[in-house]
Amino acid sequence: MPVIYLLEPNASNLKSITDDLQKGLYNPAHINFLSSLPRVLLEDFAAQTAEAGTSEKIAQLFDQYLNFIVTEPDLFSLGIQKDHTYWALNSAATSDEELDRVIDRVVSGLFSVVVTMGKSA
């Protein structure tokens, strides 16, 4: 049976896809990521797929740039808890790793909005 995946690009999700395909649950698989798939994860996924012998079961793999929420025709949200984001960006107690995650989430969300609107830089 065919399957359409719509998910965040992370290591555990990629492992789940590989496991599903290796078990023969789905064929073909159409894989859609909510944001862009980082090159490191793409290379890991390619290695997993080659090792599992499931590459022929993947029909499509797309970055959809959908990691934002449209609440009204001219209004969107990145779906980030505003208290957490404000605190993380302004607190001296925030680790560099956490700060990088928050900034990456904001940048990825804004990039998705721009791509979806069809605007160029």
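Residues numbered from 1 in each chain as written. Predicted model: local features only at pLDDT ≥ 70, side-chain atom pairs only at ≥ 80, totals over all residues. Heavy atoms only, no water.

K.L.:
Teacher, can you tell me more about unusual backbone geometry here?
P.N.:
Trans is the common state for peptide bonds, and a negative phi is the common state for residues other than glycine. A cis amide bond links Asn 27 to the next residue, Pro 28, at an omega of 5 degrees. You can see Pro 28 is positioned in the loop between α1 (11-22) and β2 (29-33). Even without being glycine, Tyr 65 reaches a positive phi, approximately 55 degrees. Secondary-structure assignment places Tyr 65 in the loop between β3 (58-63) and β4 (69-72). (Helix = DSSP H or I, 4+ residues; strand = E, 2+ residues; numbered from the N terminus.)

K.L.:
Is there a simple way to think about α1 in this case?
P.N.:
Because an α-helix packs 3.6 residues into every turn, residues spaced three or four apart end up facing the same way. With 12 residues, α1 extends 16 Å between its outermost C-alpha atoms, agreeing within 8% with the 16 Å of an ideal straight helix rising 1.5 Å per residue. Restricting attention to buried positions, one finds in α1 the residues Leu 14, Ile 17, Thr 18, Asp 20 and Leu 21. End-on, the buried residues of α1 take up no more than an arc of 160 degrees, which puts them together on one face. Packing partners of the buried residues in α1 comprise β1 (3-7), β2, α2 (39-52) and β3. One or two residues past the end of α1 sits Gly 24, with phi positive at roughly 80 degrees. (Expected span 1.5 Å × (residues − 1). Buried < 20%, exposed > 50% of the residue type's maximum accessible area, 1.4 Å probe, protein only. Arc of directions from axis to C-beta. Contact = heavy atoms within 4.5 Å.)

K.L.:
Before we go on, may I ask you to explain the pairing of β1 in this structure?
P.N.:
Side-chain direction in a regular strand flips from residue to residue, so the side chains alternate between the two faces of the sheet. Going residue by residue along β1, you find Val 3, Tyr 5 and Leu 7 tucked away on one face and Ile 4 and Leu 6 left uncovered on the opposite face. Remark: the β1/α1/β2 crossover connection has right-handed handedness. (Right-handed = clockwise from strand over helix to strand, strands pointing away.)

K.L.:
Help me understand the layout of surface pockets, please; the structure alone is not making it clear to me.
P.N.:
To find leftover empty space, a probe the size of one water molecule is rolled over the atoms. By volume, the largest pocket amounts to about 240 Å³. Glu 8, Ser 35, Asn 67, Ile 80, His 84, Thr 85, Glu 98, Arg 101, Val 102, Asp 104, Arg 105 and Ser 108 together form the lining of the largest pocket. Residue assignment for the lining of the largest pocket shows that the elements contributing at least two residues are α3 (82-90) and α4 (96-117). With 6 residues, the top contributor of residues to the lining of the largest pocket is α4. Residues belonging to the lining of the largest pocket are distributed by class as follows: 2 nonpolar, 5 polar and 5 charged. (1 Å grid on protein atoms, 1.4 Å probe; cavity = no way out; pocket = protein on both sides within 12 Å on 5 of 7 lines; lining within 4 Å. Points joined across faces, edges and corners; volume = space filled by probe spheres on them. Nonpolar A, V, L, I, M, F, W, Y, C, P; charged D, E, K, R; others polar.)

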